[in-house]
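Commentary on secondary and tertiary structure
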Amino acid sequence: MKKDRKVVLVGTGFVGMSMAYSFLTSGGVDELVLIDVDKEKALGEAMDLQHGLPYARNKIVIKTGDYEECKDAEIVVITAGTAQKPGQSRLDMTAINANIIKGITKSIMASGFDGIVVVASNPVDLMTYVAWQVSGLPKERVIGSGTILDTARLRYLMSEYLGVSTNNIHAYIMGEHGDSSFVPWTHAYVGSKCLLELLDEKGKDLNDLNDIYHQVQQAAYEIINRKKSTYYGIGLALNRLVQAILNDEHAILTVSAYQDGEYGWKDMFIGVPAIIGHNGIEEIIQLPLNEVDQGKFNLSASTLKEIQNEISKTNLK
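Keep in mind it's a predicted model, so treat the numbers as computed, not measured.

1. Some words on the packing of aromatic side chains
Per the stated rule, a full pass over the model turns up nine aromatic pairs. Geometrically, the ring pair formed by Y258 and F269 is edge-to-face, given 5.5 Å between the ring centres and 70 degrees between the ring planes. Taken together, the residues Y258 in strand 10 (residues 251-260) and F269 in strand 11 (residues 266-277) connect sequence positions eleven residues apart. Ring pairing ties together the aromatic residues Y129, W132, Y258 and F269, which thus form one cluster. In this arrangement the basic side chain of K227 is found over the ring face of Y231, its NZ or CZ atom lying 3.8 Å from the centre.

Shown next as structure tokens:
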């Protein structure tokens, strides 16, 4: 029987531990188990978190363990994998991380796990596909972090540009979590006001939107060049996704979701807005993309699909 609010984290690197630390400040998780190939590091991380429990928001059991801990977990979050290096694209990491995710997923499923898998390892759309294929879980219960962080970056920059709270910026980054992502600007709103109409009324240059998107697209590279890796933002984004599942929020988040004809594509995972609840992906929101945006989506999807086909030939046999 699954334990409510038990989360297992596989991978105690910067990303995983940023998420783990955020649980101490946000609450919402009753038990957190850390798994890592480096057992001593996992133990050290657990001890460090445990020592902060007297100041945590809620009581939480934090411990290390092996894959049998997955058996009664509600959610397993995978952040393990090789890190993105300066000058390296997310897609360059594919072959190495595909083998890592394959082995991890097999170990998770061998425990008898029957919950939801959340994948954050890059390139996340492709690694989510690997986890889904290997796990045999229903497509709704394998979720990639997708463009959830990209969307947060977009909303932050738009908030700064417009002087409006991020809570009232409704815009999405879609497609690959990477260089071929895009913003469907015709579906961007400030409050209930169409963004493009608002900019026109304020006499703002629409080319500014291209600058904002470029900053979003290059954000990871800029951060990596300065501090070697990114982790706080994605750690908080993963917390948000986990909480949406545990609390059955039916929240709309831009996750990497399996496409079964949505947006004209099948048998792949890609970043789209989706309703997230206790059963995982409840529904994919299908925005009516114009011809230009559909073309951008197709380009992003075809980029992923080509590499996915190569993975399937070698890593999924």
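From this point, the discussion proceeds with the structure in view.
2. Points about the nonpolar core
If you look at the biggest cluster of nonpolar residues, it comprises 80 residues, and the most contacted ones within it are V76, V77, L241, V255, I276 and F297. Top contributing element to this core by residue count: helix 8 (residues 232-246), with eight residues. Filtering out sequence-adjacent residues up to four positions away, F297 remains in contact with M174, F182, Q259, Y263, W265, I270, G271, V272 and L289. Ranked by size, the runner-up nonpolar core spans 18 residues in total, among them M158, L162, L198 and L209.

3. Some remarks on helix 1 (residues 14-26)
Taking 1.5 Å as the rise per residue, helix 1 with 13 residues should run 18 Å; its terminal C-alpha atoms sit 18 Å apart, in good agreement. Regarding helix 1, the residues found buried are G16, M17, S18, M19, A20, S22, F23 and L24. Elements in contact with the buried residues of helix 1: strand 1 (6-10), strand 2 (31-35), helix 2 (39-50), strand 3 (61-64), strand 4 (75-78) and helix 8. Just past helix 1, the residue G27 takes up positive phi, approximately 75 degrees.

4. What to know about the sheet that holds strand 8 (residues 189-190)
If you trace the three strands from one edge of the open sheet to the other, you get 7-8-9, paired in antiparallel fashion. Of all the strands in the sheet, the pair left with one neighbour each is strand 7 (169-170) and strand 9 (193-194). Where strand 7 lies against strand 8, two bridges are found, and the strand directions are antiparallel. Each bridged residue has a counterpart across the sheet, and for I169 the counterpart in strand 8 is V190.

5. Quick word on helix 4 (residues 124-135)
The terminal C-alpha atoms of helix 4, which comprises twelve residues, lie 16 Å apart, in line with the 16 Å expected from a rise of 1.5 Å per residue. Of all twelve residues in helix 4, ten are buried; the element is thus mostly enclosed. Among the residues of helix 4, those classed as buried are V124, D125, L126, M127, T128, Y129, V130, A131, W132 and S135. On its buried face, helix 4 is in contact with helix 3 (94-110), strand 5 (116-119), strand 6 (142-144), strand 10, strand 11 and helix 9 (291-314).

6. Structural notes on the side chain of R141
Mapped onto the elements, R141 comes out in the loop between helix 4 and strand 6. R141 gets classed as buried once you look at its relative accessible area, which sits at 18%.

7. With respect to the packing of helix 1 against helix 8
Across the interface, helix 1 lies against helix 8 with an axial gap of 8 Å and an inter-helix angle of 55 degrees. It follows from the interaxial angle that helix 1 and helix 8 lie oblique. As helix 1 runs across helix 8, the sense of the crossing is right-handed. In contact with V15, S18, M19, S22, F23 and S26 of helix 1, helix 8 contributes Y232, I234, G235, L236, L238, N239, V242 and Q243. Within the contact of helix 1 with helix 8, the residues separate by chemical class into eight nonpolar, six polar and no charged.

8. Focus on unusual backbone geometry
The linkage connecting N122 with the following residue, P123, adopts the cis geometry, with an omega of -5 degrees. Summarising the element assignment, P123 is placed in the loop between strand 5 and helix 4. Positive phi, close to 50 degrees, is recorded for D248, a residue that is not glycine. Mapped onto the fold, D248 is located in the loop between helix 8 and strand 10. For D248, a relative accessible area of 34% corresponds to the partly exposed category.

9. Some points on the pairing of strand 5
Here strand 5 shows no split at all, with I116 and V118 on one side and V117 and V119 on the other all buried. Alignment of strand 4 against strand 5, held across four bridges, turns out to be parallel. Bridged to V76 within strand 5 is V117. At this point the chain moves from strand 5, through helix 4, to the parallel strand 6, and the crossover so formed is right-handed.

10. Looking at the side chain of D72
With respect to the helices, strands and loops of the structure, D72 is situated in the loop between strand 3 and strand 4. Looking at D72, its side chain comes within polar contact range of the side chain of K6, at 2.6 Å. If we ignore the near neighbours within four places in the chain, the residues touching D72 are M1, K2, K3 and K6.

How each quantity is defined
- Residues numbered from 1 in each chain as written.
- Predicted model: local features only at pLDDT ≥ 70, side-chain atom pairs only at ≥ 80, totals over all residues.
- Heavy atoms only, no water.
- Phe/Tyr/Trp six-rings, centres within 6.5 Å; stacked < 30°, edge-to-face > 60°.
- Helix = DSSP H or I, 4+ residues; strand = E, 2+ residues; numbered from the N terminus.
- Lys NZ or Arg CZ within 6 Å of the ring centre and 35° of its normal.
- Core = buried A, V, L, I, M, F, W, Y, C linked by side-chain atoms within 4.5 Å.
- Buried < 20%, exposed > 50% of the residue type's maximum accessible area, 1.4 Å probe, protein only.
- Contact = heavy atoms within 4.5 Å.
- Expected span 1.5 Å × (residues − 1).
- Pairing = 2+ DSSP bridges.
- Axes fitted to C-alpha atoms, helices over the stretch in contact; angles between N-to-C directions.
- Parallel < 35°, antiparallel > 145°, perpendicular 65-115°, else oblique.
- Left-handed = near helix turned anticlockwise from the far one by under 90°.
- Nonpolar A, V, L, I, M, F, W, Y, C, P; charged D, E, K, R; others polar.
- Right-handed = clockwise from strand over helix to strand, strands pointing away.
- Polar contact = N/O pair within 3.5 Å; in protein donor to acceptor, adjacent residues only side chain to side chain.

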